[in-house]
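This is what each chain is made of:
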Amino acid sequence: MDSMEEIYKKHGKMIYGFLLTRTQDPGLAEELTQETFYQAVKHIGRYKGESGISTWLCAIAKNLWRDYLRRQKHHVPLEEADQVSVESAESKALCSWDNVQILSLIHSLEDPMREVMYLRLVGNLTFGQIGEIMGRSENWARATYYRGKERVVKEAGKI
């Protein structure tokens, strides 16, 4: 097996992109990426080699993201509550209506198609990387993305 430094160099950007698609926050994605590799080093004995190392790292990252969401669910300090809604309103104002509609259409897709679309469009991952993350082939990722794109284009034409 490669050293952890080599693994980080090889998979760090992919894990960051994977987390960025979920968090939509570069700082948080970076923090969770670092925590992912820390947990990987800490628990390297649990890696059995039954899946690719990137799949194992993505599973760690996904679990860390879920843990973060669970901790944050009920934790918004009162003084920040108004700020959160203002930031959301500002973000919405900056987005064009067309982009919001398209993202809404993508969000309405079922998994795993929705996740493939996000990983490709927001995470800028290759079909090979998406296939590896999802435990499928590159061709499966490519076909799933194409089908999702066709659905979004079809639905966008109805608006």
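Up top is the structure these notes are about.
Residues numbered from 1 in each chain as written. Predicted model: local features only at pLDDT ≥ 70, side-chain atom pairs only at ≥ 80, totals over all residues. Heavy atoms only, no water.

What follows is about the environment of G131. With respect to the helices, strands and loops of the structure, G131 is situated in helix α7 (residues 127–134). Apart from residues no more than four positions distant in its own chain, G131 is found in contact with R136, S137 and A141. (Helix = DSSP H or I, 4+ residues; strand = E, 2+ residues; numbered from the N terminus. Contact = heavy atoms within 4.5 Å.)

Another point: the packing of aromatic side chains. The geometry of two aromatic rings is summed up by the distance between their centres and the angle between their planes. This model, assessed by the stated rule, comprises 4 aromatic pairs. Ring geometry for Y8 and F37: centres 4.7 Å apart, planes at 75°, overall edge-to-face. With a gap of 29 residues between them, Y8 in helix α1 (residues 4–23) and F37 in helix α2 (residues 26–42) connect regions that are remote in the sequence. When its relative accessible area of 31% is taken as the criterion, Y8 is described as partly exposed. Look at W65 and Y68: their rings are 5.8 Å apart centre to centre, the planes differ by 15°, and that puts the pair in the stacked class. Residue W65 and its partner Y68 are located together in helix α3 (residues 53–72), separated by 3 residues, close to a single helical turn. (Phe/Tyr/Trp six-rings, centres within 6.5 Å; stacked < 30°, edge-to-face > 60°. Buried < 20%, exposed > 50% of the residue type's maximum accessible area, 1.4 Å probe, protein only.)

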